[in-house]
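Chain by chain, the residues run as shown.
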Amino acid sequence: MSKTVELQIEKSRHLIEGLRKHLSGMGGGITSDEINSMELSLKELETANVDIDRLREELTPKVKHMNEVLTRVKEAYADKKKTLKGYYPQERWADYGIPDKR
């Protein structure tokens, strides 16, 4: 759970509890329907947050794997580029997709 969302959920819970306790003593401006609506939105946020946490758990190992593959590809690219630059003159580098200039 992200810290921002977690804090907002906790603050909203406390506010809703306080509003419910003191609804009859309040001078107006906030109705029971508004509190119920806020509570429904809070439940929706909690559900969405659980879904996001689950997706993060699934995504983290996939991102790690992708980063490992990316590292291998970058290393292979750099190695092959270095080899080609050492073997061919600069004019031929573009033939192999190497746009660099010395």
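Residues numbered from 1 in each chain as written. Predicted model: local features only at pLDDT ≥ 70, side-chain atom pairs only at ≥ 80, totals over all residues. Heavy atoms only, no water.

Asks: Tell me about the nonpolar core, and please be specific about residues and values.
Replies: The biggest cluster of nonpolar side chains holds five residues, and these are Ile9, Ile16, Leu19, Ile35 and Leu42. At the level of elements, α1 (3–21) and α2 (32–87) are the ones that each hand at least two residues to this core. The element best represented in this core is α1, accounting for three residues. Excluding residues within four positions of it along the chain, Ile35 makes contact with Ile16, Leu19, Arg20, Leu23 and Ile30. (Core = buried A, V, L, I, M, F, W, Y, C linked by side-chain atoms within 4.5 Å. Buried < 20%, exposed > 50% of the residue type's maximum accessible area, 1.4 Å probe, protein only. Helix = DSSP H or I, 4+ residues; strand = E, 2+ residues; numbered from the N terminus. Contact = heavy atoms within 4.5 Å.)

Asks: Tell me about the confidence of the model for the protein, and name the residues and values.
Replies: For the protein, mean pLDDT is 92; residues scoring 70 or higher make up 96% of the total. Highest mean pLDDT in the protein belongs to α2 (96); lowest belongs to helix α3 (residues 90–93) (88). (pLDDT = per-residue confidence, 0-100.)

Asks: For the pattern of salt bridges, give the residues involved together with the corresponding values.
Replies: Within the structure shown, the criterion is met by eight salt bridges. The partner of Glu58 in a salt bridge is Arg54, and the shortest N-O contact between them spans 3.2 Å. Residue Glu58 and its partner Arg54 are both found in helix α2; the two are separated by four residues, about one turn of the helix. Owing to a relative accessible area of 40%, Glu58 belongs among the partly exposed residues under this scheme. With relative accessibility at 42%, the residue Arg54 sits in the partly exposed group. (Salt bridge = Lys/Arg side-chain N within 4 Å of Asp/Glu carboxyl O.)

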